[in-house]
Amino acid sequence: MNLKDSLCEVELFCELPDDLVEEMIARGSTYEVSPGVPLVRQGDPSAGMVMLLNGTADVDIDGRAVGSLSAGDYFGEMSLIDGSGRTATVTSGPGGATAFRLSPAAFMDLIQQHPHTAVLLLKGLVTRVRQLEGQVDGAAPG
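If you're wondering where the values come from, they're calculated on a predicted model, not measured in any experiment.

**Q** Got a minute to help me understand the overall build of the protein in this structure?
**A** The number of helices and strands found in the protein is 5 helices and 6 strands. In the protein, the order of α-helices and β-strands from amino to carboxyl end is α-α-β-β-β-β-β-α-β-α-α. Relative to the globule expectation of 14 Å for 142 residues, the C-alpha radius of gyration of the protein, 15 Å, shows essentially globular dimensions. Each of the three principal axes of the protein carries a C-alpha extent, and together these read 40 × 40 × 30 Å.

**Q** Can you help me understand the nonpolar core in this one?
**A** Generally speaking, soluble globular proteins have nonpolar side chains that are buried together. In terms of nonpolar packing, the biggest core is built from 21 residues, with L7, L12, F13, L102 and F107 touching the most fellow members. Mapped by element, the contributors of at least two residues to this core are α1 (3–8), α2 (18–27), β3 (49–61), β6 (89–102), α4 (104–113) and α5 (117–139). The greatest single-element share of this core, amounting to 4 residues, is contributed by α4. Not counting the four nearest positions on each side in its chain, L102 is found in contact with F13, M24, R27, G28, G48, M49, L80 and F107. Judged by nonpolar contacts, the second largest core, of 14 residues, contains V33, L52, V59 and A88.

**Q** Sorry if this is basic, but what is going on with the pattern of salt bridges here?
**A** When charged atoms on two side chains of opposite charge get close, those side chains can pair. Tallied over the full model, the rule gives 4 salt bridges. Across the pair K4 and E22 runs a salt bridge, and its minimum N-O distance is 2.9 Å. Taken together, the positions of K4 in helix α1 and E22 in helix α2 put the pair 18 residues apart, joining distant regions of the chain. Through salt bridges that share partners, K4, D18 and E22 make up one connected network.

**Q** Whenever I open this one, α2 confuses me. Can you help?
**A** Residues that lie three or four places apart on an α-helix share one face, since the helix turns once every 3.6 residues. Among the residues of α2, L20, V21 and M24 are the ones counted as buried. Burial along α2 is one-sided: seen end-on, the buried residues are contained in an arc of 105°. Exposed and facing more than 90 degrees away from the buried side of α2 are D19 and A26.

**Q** How should the packing of α2 against α4 be read in this particular structure?
**A** A packed helix pair is summarised by two numbers, namely the angle formed by the two axes and the spacing between the axes. Where α2 contacts α4, the axes come no closer than 10 Å and their chain directions differ by 145°. By crossing handedness, the relation of α2 to α4 is classed as right-handed. Where α2 abuts α4, its residues L20, E23, M24 and R27 lie against A106, D109, L110 and Q113. Residues that form the contact of α2 with α4 fall into these classes: 4 nonpolar, 1 polar and 3 charged.

**Q** Would you take a moment to explain the environment of S103 for this structure?
**A** As for its position among the elements, S103 is in the loop between β6 and α4. In sequence terms S103 and E32 are 71 residues apart; their C-alpha atoms lie 17 Å from each other.

**Q** Would you explain unusual backbone geometry in this entry?
**A** What you tend to see is this: most non-glycine residues have negative phi, and most peptide bonds are trans. Although it is not a glycine, D62 sits at a positive phi angle of roughly 55°. Its location among the elements puts D62 in the loop between β3 and β4 (64–70). Taking relative accessible area as the criterion, D62 reaches 65% and is therefore assigned exposed.

**Q** Explain α4 here, please?
**A** Listing the buried residues of α4 in full gives P104, A106, F107, L110 and I111. When α4 is viewed along its axis, its buried side chains cluster within an angular range of 165° and face the same direction. Opposite the buried face of α4, by more than 90 degrees, sit the exposed residues A105 and Q112.

Reading guide: rules and limits
- Residues numbered from 1 in each chain as written.
- Predicted model: local features only at pLDDT ≥ 70, side-chain atom pairs only at ≥ 80, totals over all residues.
- Heavy atoms only, no water.
- Helix = DSSP H or I, 4+ residues; strand = E, 2+ residues; numbered from the N terminus.
- Rg over C-alpha atoms; globule rule 2.2 N^0.38 Å.
- Core = buried A, V, L, I, M, F, W, Y, C linked by side-chain atoms within 4.5 Å.
- Buried < 20%, exposed > 50% of the residue type's maximum accessible area, 1.4 Å probe, protein only.
- Contact = heavy atoms within 4.5 Å.
- Salt bridge = Lys/Arg side-chain N within 4 Å of Asp/Glu carboxyl O.
- Arc of directions from axis to C-beta.
- Axes fitted to C-alpha atoms, helices over the stretch in contact; angles between N-to-C directions.
- Left-handed = near helix turned anticlockwise from the far one by under 90°.
- Nonpolar A, V, L, I, M, F, W, Y, C, P; charged D, E, K, R; others polar.

Here it is in structure tokens:
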């Protein structure tokens, strides 16, 4: 799957027209990291979305392993909107990783240049929040 198709799978962006997804790709950056290198560190003020394009990554919160990610997985999409820092450390797996990063500044610039997309982005955001609520509800003791 190419980067454009991968981004179209992200709930926040699934309603955007192809030309805006391509513009978002042009505003972001793709980078590679060696094995065992943090993609982000818990507590860092840096915000923005990161999507794994290749490889795997481990997710730790307060030094405790909480999950793993693989190609197509992403995190930080909410921080594109609220600018919040990192709530977890994400470290590349044994084969390293290739990732795509989009900063909040690039994201907001895109919205300012194309204000009609705000409603589409809100629809995607609501979808993501509902999914997260469902995960929390499903994990609650019964």
